[in-house]
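Overview (structure and organization)
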Amino acid sequence: MTNYQTFAKLYDDLFDDDAYADWLQYAVKQIKNPKAPLLELAGGAGRLALRLKQKGFDVTVFDLSEEMLSLAQEHAAEAQVDLPLVQGDMREWSDYPKQFGTITSFADSFNYLANEAETLMAFQQVYDHLTTGGQFLFDVITPYQTDVYYPGYMYNYHDDEVAFLWSSYGIEDAVHTVEHELIFFIYDEAIDGYRQLTEIHTERTYDLGTYQRLLAQAGFVNIEVTGDFGRQKQVNSQTNRWFFSAQKG
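The numbering scheme is per chain: residues are counted from 1 as the chain's sequence reads. For this predicted model, a pLDDT threshold of at least 70 governs which residues receive local features, and a threshold of 80 or more governs which side-chain atom pairs are given and counted, while totals over whole chains, interfaces and linings are taken from all residues. Hydrogen atoms and water are omitted, and side-chain values are computed over all heavy atoms in the structure.

A separate point is the pairing of strand 5 (residues 130-141). Where burial is concerned, most of strand 5 is hidden: nine out of the 12 residues are buried. Following DSSP output, two strands are said to pair if at least two bridges run between them. Going along the chain from the N terminus, every DSSP run of H or I of four or more residues is numbered as a helix, and every run of E of two or more is numbered as a strand. Two elements, strand 4 (residues 100-105) and strand 5, share five bridges in a ladder whose sense is parallel. Paired with Thr104 across the bridge in strand 5 is Leu137. When the strands point away from the viewer and the connection leading from the first strand across the helix to the second strand turns clockwise, the crossover is called right-handed. At this point the chain moves from strand 4, through helix 5 (residues 116-128), to the parallel strand 5, and the crossover so formed is right-handed. Only protein chains enter the accessibility calculation, which uses a 1.4 Å probe. A residue is then buried if its area is under 20% of the maximum for its type, exposed if over 50%, and partly exposed in between.

With that settled, the discussion passes to the sheet that holds strand 10 (residues 220-227). Here seven strands make up an open sheet; going across it, the order is 3-2-1-4-5-11-10 and the pairing mixed. Looking at which strands have only one partner, the edges of the open sheet turn out to be strand 3 (85-87) and strand 10. In this sheet, neighbouring strand axes are inclined to one another by 20 degrees on average, regardless of whether the strands run parallel or antiparallel. Against the sheet, helix 4 (residues 66-78) touches strand 2 (59-63) and strand 3, its axis set at about 175 degrees to strand 3. Whether two residues touch is decided by their heavy atoms; if any such pair falls within 4.5 Å, the residues are in contact. Note on method: axes are straight lines fitted to C-alpha atoms, helices fitted across the in-contact stretch only, with angles between N-to-C directions ranging 0 to 180 degrees. Across the sheet, helix 5 touches strand 1 (38-41), strand 4, strand 5, strand 10 and strand 11 (241-248), and the angle it forms with strand 5 is around 145 degrees.

This next bit is on the sheet that holds strand 9 (residues 193-204). Taken together, the four strands give an open sheet; going across it, the order is 6-7-8-9, and neighbouring strands pair in antiparallel fashion. Among the strands making up the open sheet, the edge pair consists of strand 6 (154-158) and strand 9. When strand polarity is set aside, the average angle formed by the axes of neighbouring strands in this sheet is 10 degrees. Bridge count between strand 7 (residues 162-170) and strand 8 (residues 177-188): nine bridges; the pairing is antiparallel.

Taken N-terminus to C-terminus, the directions of helix 2 (residues 17-30) and helix 3 (residues 47-54) make an angle of 50 degrees; their axes are 10 Å apart at the nearest point. Considered as vectors, helix 2 and helix 3 are oriented oblique to each other. Note that helix 2 runs across helix 3; the crossing there is right-handed. Of the residues in helix 3, those touching helix 2 at Asp17, Tyr20, Trp23, Leu24, Ala27 and Val28 are Arg47, Leu48, Arg51 and Leu52. Residues are grouped as follows: Ala, Val, Leu, Ile, Met, Phe, Trp, Tyr, Cys and Pro are nonpolar; Asp, Glu, Lys and Arg are charged; all remaining types, including Gly, are polar. Split by residue class, the contact of helix 2 with helix 3 holds seven nonpolar, no polar and three charged. Note on angle classes: values under 35 degrees are labelled roughly parallel, values over 145 roughly antiparallel, values of 65 to 115 roughly perpendicular, and the remainder oblique. Less than a right angle of anticlockwise turn of the near helix away from the far helix marks a crossing as left-handed, whereas a clockwise turn marks it as right-handed.

The next point concerns the pattern of salt bridges. The rule for a salt bridge is simple: a side-chain nitrogen of Lys or Arg has to be within 4 Å of a carboxyl oxygen of Asp or Glu. One pass over the structure, following the stated rule, counts eight salt bridges. For Arg231, the salt bridge is made with Asp22, and the minimal N-O distance between the two is 3.4 Å. One end of the pair, Arg231, is in the loop between strand 10 and strand 11; the other, Asp22, is in helix 2, with 209 residues separating them in the sequence. Accessibility expressed as a relative area gives 45% for Arg231, which makes it partly exposed. Among the ionic pairs, Glu118 bridges to Arg91, the shortest N-O distance being 3.1 Å. With Glu118 in helix 5 and Arg91 in the loop between strand 3 and strand 4, this pair connects stretches of sequence that are 27 residues apart. Taking relative accessible area as the criterion, Glu118 reaches 17% and is therefore assigned buried. The class for Arg91 is partly exposed, based on a relative accessible area of 27%.

So this is what it looks like as structure tokens:
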């Protein structure tokens, strides 16, 4: 395995199933046209897409990572489900001809884009790939999460075969930006010891008005914002994740 293949498998194995249950209930409750084709943008290993598929949605998974899509294919085969997969960059996929009634994207996907210009590019691509009146559902972490919660955050996990250390740091002179250091120690029988793999992730976010402005600039209307997987109707300064529902005008 390459390092990224190993990382992809570890992320998939360690991700909290409860979060998928929360995203599923949010999506099912919010989607206004459950019969229309649905695209899971940056859908990774397809865990949420399979849950949506099992609820009767016509789902396609789109992701940049071939390794993640390979895992999605494995999961779909195990579940005996037909799950279409598309490999591409969320910032530019204008050559993909299909449109969808709903496009979803969860788990911080837009927080990994480099700047406002790339975020607008991705929003515009979503807009162009929705049918008229189509719905866009996504979430992002908030400035509270990057500026207050994450700096100094640590999480550790281990079992007999893997240990995982996650540390987060604020970045000086970078507004609403955080860096995550992920270290895995993986048991290797060949050396009867542990191999160390390290990856750095950078996430950035913006104030609420910036997201609303960029969505409107891309053409979206009826922009609604909630927190806590839609359960918090009025967001506040301590909301850690915004959930957006927007419509193609």
